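Observations on the model geometry
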Amino acid sequence: MPEPKTVAFPRDFLWGAATSAYQIEGAVAEGGRTPSIWDTFSHTPGKIAGGDTGDIAVDHYHRYRDDVALMARLGLKAYRFSVSWPRVQPGGRGPASQAGLDFYRGLVDELLAHGITPALTLYHWDLPQELEDAGGWPERETALRFAEYAQLVGEALGDRVRQWMTLNEPWCSAFLGYASGVHAPGRTDPRAALRAAHHLNLAHGLGAQALRSVLPAGARVGISLNSQVVRPLTQDPADLAAARRIDDLACGIFHGPMLHGAYPETLLEATRPVTDWNHVRSGDLAAIAQPLDLIGLNYYTPELVSSAATQPEGPRADGHGDSPYSPWPGSEDVVFHRTPGEQTDMGWTVDPDGLYELIMRYSREAPGVPLYITENGAAYPDKVDGDGRVHDPERIAYLHSHLSAVHRAVTDGADVRGYYLWSLMDNFEWAYGYGKRFGAVYVDYATLDRIPKSSAHWYGEAARTGRLPSVEA
């Protein structure tokens, strides 16, 4: 269907951009910060493309005032950032580091002074290494420590921050970190991955309780999920069953207990060869099913799957890195296919209809809970031209099509209240190092100079006016 000539969003729609601590801050040994699992993983030979690390990243720790001023010049209304757990609670236990908290106090104050709404994520994958040494997310104790950490940050910043996310993409933490091993801590134990998923769920529930014990009235608590849009290759019953298994692992394992108070029976049955789920204790599901004030949805591309009867062509095409170990416990035989269509520099298919489908699904499953798109964006091989500018028309087209999908969902009744572009600026892209550029702002990694790309100006115009400029603009 043709896109409308003018796409106008509600007046109070929140236009923002997002980042995460380890990807941008640097300063990994300053202010009392101790190592996270990503410090350890990135310094392990062969784990990160190019041998890159986040030691310096883009030096946001020292340049945050300039970065906030840049956000303001671009017209952004909100900024979603994450707090580094080992920066504010070294080692993951004990009292808070005031030096660490002071960094985030300064960042929040700077945002508010520029009229930018802060949105805080407590955990974006940087587990203190000491907690991993004690067993990490497969151990129940880590969830208890997270609740303590959540309370420390809530007490320090609750007077100024109104939007809180407990976890970002727990699927990645559990399954890329403990099953396929392409993310920190790099373990490849499917049983441990399923235990990790449950303890991440428990951490969310206990963390939400801890936050609400210290936050003032009006603060909103939620979570950011990268729930997948999973499509069967055909309508054959075997392909439909394969899609259900992957959907349970990608979506149901998290929103089942969070929204419905139970894990899907089909998930429990499919994973029974891996675990008997005896790590789920009495009271856990009630603790996980905390009321949500908002749900963050992260979306990039859909999954296309079939039964094992279809022979795969080449590596597993699920878009989650190359590893001989599957991130899909109990469903290792499901075949992933590359979806047809234009692709980004990540090899991910551009499919805005998938974002619409995801929004409408959560509108049905969580009626009355406001939704935010907390990550959406694309990597392209951006270059600085001879005039010192960075033109990225592909990203503008991507943003226009995906924001149009968000608008269509709003028009169809979905309560979507904001959109956070991933990412504000180029940064350390996990196992890909500095080889993939998601930013609306180009970063010269030699000088750390920031250059707003054409897409940054385009998106800033959308944020200022509440309307999507033309792609040609």
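First, a word on what this report is: a plain description of the structure on this page. What you are looking at is a predicted structure, and each value in this text was computed from that prediction instead of being measured. Residue positions are counted from 1 within each chain, in the order its sequence is given. Under the rules for a predicted model, residues below a pLDDT of 70 receive no local features and side-chain atom pairs below 80 are neither given nor counted, while totals for whole chains, interfaces and linings still include all residues. Only hydrogens and water are removed before side-chain values are computed, so all heavy atoms of the structure are retained for them.

The working definition used for a salt bridge is a side-chain nitrogen of Lys or Arg within 4 Å of a carboxyl oxygen of Asp or Glu. Applying the stated criterion to the full structure yields 32 salt bridges. Across the pair D102 and R105 runs a salt bridge whose closest N-O atoms are separated by 2.7 Å. With a gap of three residues between them, D102 and R105 both fall in helix α5 (residues 98-113), about one helical turn apart. Only protein chains enter the calculation, and the probe is 1.4 Å; a residue is then buried if its accessible area is under 20% of its type maximum, exposed if over 50%, and partly exposed in between. Classification of R105 as partly exposed rests on a relative accessible area of 22%. The salt bridge partner of E132 is R187, with a shortest N-O separation of 2.9 Å. In this pair, E132 sits in helix α6 (residues 129-133) while R187 sits in the loop between α8 (170-178) and α9 (190-212), placing the two residues 55 residues apart along the sequence. Here the residues in one salt-bridge network are D382, D392, R395, D426, R437 and K453, joined through shared partners. Helix and strand assignments come from DSSP, with helices taken as H or I runs of at least 4 residues and strands as E runs of at least 2, each series counted from the N terminus.

As defined here, a cavity is a set of points on a 1 Å grid over the protein atoms alone where a 1.4 Å probe fits but cannot get out. A pocket is an open set with protein on both sides within 12 Å along at least five of seven lines, and residues line them when an atom is within 4 Å of a point. Grid points are joined across faces, edges and corners, and a volume is the space filled by probe spheres set on the points. Each pocket or cavity is described by its volume, and for the largest pocket that value is around 630 Å³. If you trace the largest pocket, you find 37 residues lining it, with L176, H183, G319, H320 and Y432 closest to the centre.

Strands pair, by our definition, only if DSSP identifies at least two bridges between them. Read from one edge to the other, the open sheet built from three strands follows the order β6-β8-β9, with strand pairing classed as mixed. Looking along the sheet, the strands with just one partner apiece sit at the ends: β6 (230-232) and β9 (335-337). Pairs of neighbouring strands in the sheet enclose a mean axial angle of 40°, with direction left out of account. Sheet strands touched by helix α10 (residues 237-260): β6, β8 (303-306) and β9. Its angle to β6, the strand with the most contacts, is close to 170°. With axes taken as lines fitted to C-alpha atoms, and helix axes fitted only over the stretch in contact, angles between N-to-C directions fall between 0 and 180 degrees. We call two residues in contact whenever any of their non-hydrogen atoms come within 4.5 Å of each other.

Structurally, Y432 can be placed in the loop between β11 (416-422) and β12 (441-443). The class for Y432 is partly exposed, based on a relative accessible area of 31%. Taking C-alpha positions, Y432 is 14 Å from G186, a pair spaced 246 residues apart along the chain. Apart from residues lying up to four places away in sequence, Y432 is in contact with A49, G321 and M346.

With that out of the way, let us pick up the packing of aromatic side chains. We call Phe, Tyr and Trp rings a pair once their centres come within 6.5 Å, taking the six-membered ring for Trp, and we label the pair stacked below 30 degrees between planes, edge-to-face above 60, and tilted otherwise. For the coordinates displayed, the defined rule picks out 33 aromatic pairs. Seen in terms of ring centroids, W171 and F175 are 5.7 Å apart; in terms of plane orientation they differ by 45°. Their pairing is tilted. A residue pair is termed a helical-turn pair when its members lie 3 or 4 positions apart in one helix, as W171 and F175 do in helix α8 at four residues. For W171, a relative accessible area of 1% translates into the label buried. Overall, the relative accessible area of 0% leaves F175 in the buried class. With centroids separated by 5.4 Å and ring planes inclined at 55°, the aromatic side chains of Y300 and W348 adopt a geometry described as tilted. Here Y300, found in the loop between β7 (294-298) and β8, pairs with W348, found in the loop between β9 and α13 (352-365); they are 48 residues apart in sequence, far enough to count as distant.

Looking now at the nonpolar core. Core analysis: the largest hydrophobic core is formed by 157 residues, its most contacted members being W38, W137, W164, F175 and I359. Considering each element in turn, this core owes the most residues, eleven residues, to α9. The criterion is simple. A nonpolar core is a set of buried Ala, Val, Leu, Ile, Met, Phe, Trp, Tyr and Cys residues joined through side-chain atoms within 4.5 Å.

So, about the pairing of strand β2 (residues 78-82). Along a regular strand, successive side chains alternate from one face of the sheet to the other. Burial analysis of β2 places five of its five residues in the buried class, which makes it a mostly covered element. Taking every second residue as pointing to the same face, both faces of β2 are buried, with A78, R80 and S82 on one and Y79 and F81 on the other. Judged from the three bridges that link them, strand β1 (residues 14-18) and β2 form a sheet pairing that is parallel. Counterpart to A17 in the pairing with β2 is Y79. Pairing between β2 and strand β3 (residues 117-123): five bridges, direction parallel.

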